[in-house]
Amino acid sequence: MQTQRTVESFGWQWTKQTVVDSKKTFHRRLFKDCGIWCDYLNGKVIADICSGNGRHVWALNELANAKKIISVELAKDAADYQSEKFSSNQKIEVIQGDAKEVEFKADFIYMLGAIQHVSDAEAALQNIVKNMNDRGELVISFYMVTIATTLLEPIRFILKRLPKRILWLISPLLAPIFVINRNGLEMGFKNARHTAYDWFWSHEYQRYFTESEILTLFEEAGINETNIIRLQKGLYKVRKGEGANVDDVIHSFGAE
Ligand SMILES: C[S@@+](CC[C@H](N)C(=O)[O-])C[C@H]1O[C@@H](n2cnc3c(N)ncnc32)[C@H](O)[C@@H]1O
């Protein structure tokens, strides 16, 4: 079982520091990038796993007319923050629990920016798929093995030993690394600082995946190969249930 100690840093970061987002960026991240229209989630039970301070829970409540929104977060501070923030909303259920063990039922699940921080990604994914209704869908992002992540890892090896407040103080110096891509540019310096802190500090688990490791994870969780859609590098949408009936037989069209 993953302990509170492993997520303490997240509890501090996601409740005592600030991230900012507009509805436009939420819409891009939660709908456009996932290949779904904004009313696709209407009437469905949605879940956000490893939800941090609940920013995506908030956005889903604003942008979709879901039947219910379940938020799962292991760090107690972050889960308590959400419970308070959403206390008057009957649609939102906050569960302080481990992605590997929690039990619920949902039609559409998000797990963004998180599986790399879970102690046993295989067990977490299997449990999440178990919690999906038949034909339920999951959008999940992964930290990938890239030249950049390989080059940054030795820096993290040193920086993660610093006290959190010192790293927070120097995080503006590291933030420029995270404004050079599309998301970074869109989100601005404040979020880049948060991301820099998130990336370099001492979360006990920080893992990077290859494409083939991801496909193996899905296979082990019982996802049919034809139910896996790679949306972009490190971002996948998968569906539970029967897949398409395909084979390698070649068919000809046009003149013989
Ligand atoms: C980088 S944050 C991302 C938060 C959120 N998905 C977002 O993008 O705003 C990762 C979160 O996963 C949580 N977490 C890590 N391991 C977990 C587990 N086994 N079960 C549930 N939550 C977990 C951490 O406490 C942290 O809040």
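Above this text is the structure in question.
Residues numbered from 1 in each chain as written. Predicted model: local features only at pLDDT ≥ 70, side-chain atom pairs only at ≥ 80, totals over all residues. Heavy atoms only, no water.

Enquirer: What exactly am I supposed to notice about the overall build of the chain here?
Expert: Helix and strand content of the chain: 10 helices and seven strands. Compactness check: the chain gives a C-alpha radius of gyration of 19 Å against a globular reference of 18 Å for 256 residues, within 12% of the reference. With respect to the principal axes defined by its C-alpha atoms, the chain has extents near 70 × 45 × 35 Å. When the 256 residues of the chain are sorted by exposure, 47% land in the buried category. (Helix = DSSP H or I, 4+ residues; strand = E, 2+ residues; numbered from the N terminus. Rg over C-alpha atoms; globule rule 2.2 N^0.38 Å. Buried < 20%, exposed > 50% of the residue type's maximum accessible area, 1.4 Å probe, protein only.)

Enquirer: What is the right way to read the side chain of Gln206 from this model?
Expert: One can find Gln206 in the loop between α9 (189-200) and α10 (211-220). Among the polar contacts made by the side chain of Gln206, one reaches the main-chain carbonyl oxygen of Trp199 at a distance of 3.0 Å. For Gln206, the side chain forms a polar contact with the side chain of Tyr208, separated by 3.0 Å. Dropping the residues within four chain positions of it, Gln206 is found in contact with Gln116, His117, Tyr143, Arg156, Asp198 and Trp199. (Polar contact = N/O pair within 3.5 Å; in protein donor to acceptor, adjacent residues only side chain to side chain. Contact = heavy atoms within 4.5 Å.)

Enquirer: How should I be thinking about the site of the ligand in this particular structure?
Expert: Taken together, 20 residues lie near the ligand, and Cys50, Arg55, Glu73, Ala99 and Leu112 sit nearest. Leu112 has a polar backbone atom sitting 2.8 Å from a nitrogen atom of the ligand. Expressed as a share of its isolated accessible area of 600 Å², the protein-covered part of the ligand is 98%. Broken down by class, the residue content of the shell around the ligand amounts to nine nonpolar, seven polar and four charged. (Near = heavy atom within 4 Å. Areas by Shrake-Rupley, 256 points an atom, 1.4 Å probe, with all protein chains shown as cover. Nonpolar A, V, L, I, M, F, W, Y, C, P; charged D, E, K, R; others polar.)

Enquirer: Teacher, can you tell me more about the pattern of salt bridges here?
Expert: When the charged atoms of two side chains lie near each other, side chains of opposite charge can form a pair. Enumeration according to the criterion identifies 11 salt bridges in this entry. The salt bridge involving Lys68 is made with Glu93; its shortest N-O contact spans 2.8 Å. Note that Lys68 is positioned in strand β2 (residues 68-73) and Glu93 in strand β3 (residues 92-96), a separation of 25 residues in sequence. Residue classification places Lys68 among the partly exposed residues on the basis of a relative accessible area of 31%. (Salt bridge = Lys/Arg side-chain N within 4 Å of Asp/Glu carboxyl O.)

Enquirer: Where do I start with the packing of aromatic side chains in this structure?
Expert: Given two aromatic rings, their pairing is described by the distance between the two centres and the angle made by the two planes. Under the counting rule described, the total for this entry stands at 15 aromatic pairs. For the pair Phe178 and Phe200, a centre-to-centre distance of 6.2 Å together with 75° between the ring planes defines the contact as edge-to-face. With a gap of 22 residues between them, Phe178 in the loop between α7 (164-174) and α8 (182-187) and Phe200 in helix α9 connect regions that are remote in the sequence. The buried category is assigned to Phe200, whose relative accessible area is 0%. Directly above the aromatic system of Tyr40 lies the positively charged group of Lys44, at a separation of 3.7 Å from the ring centroid. The lysine or arginine in question, Arg161, covers the ring of Phe157, its NZ or CZ lying 4.1 Å from the ring centre. (Phe/Tyr/Trp six-rings, centres within 6.5 Å; stacked < 30°, edge-to-face > 60°. Lys NZ or Arg CZ within 6 Å of the ring centre and 35° of its normal.)

Enquirer: Looking at this structure, I do not really get the sheet that holds β2. What am I missing?
Expert: The strands making up a sheet are joined through hydrogen bonds of the backbone, oriented either antiparallel or parallel. Reading across the sheet, the seven strands line up as β3-β2-β1-β4-β5-β7-β6 and stay open at both edges, with mixed pairing between neighbours. If you trace the sheet from one side to the other, it starts and ends with β3 and β6 (228-232), each paired once. Direction aside, neighbouring strands of the sheet carry axes that sit 15° apart on average. Examined bridge by bridge, strand β1 (residues 45-49) and strand β4 (residues 106-111) share three bridges and lie parallel to one another. The residue of β4 that forms the bridge with Asp48 is Tyr110. With respect to the sheet, helix α3 (residues 55-63) is in contact with β1, β2, β3 and β4, its orientation differing from that of β2 by roughly 175°. Helix α5 (residues 121-130) contacts β1, β4 and β5 (132-141) of the sheet and is inclined by roughly 140° relative to β5. (Pairing = 2+ DSSP bridges. Axes fitted to C-alpha atoms, helices over the stretch in contact; angles between N-to-C directions.)

Enquirer: What am I meant to see in the pairing of β4 here?
Expert: The side chains of a regular strand alternate, residue by residue, between the two faces of the sheet. With five of six residues buried, β4 lies mostly within the body of the structure. Traced from β4 through α5 to β5, the parallel crossover comes out right-handed. (Right-handed = clockwise from strand over helix to strand, strands pointing away.)

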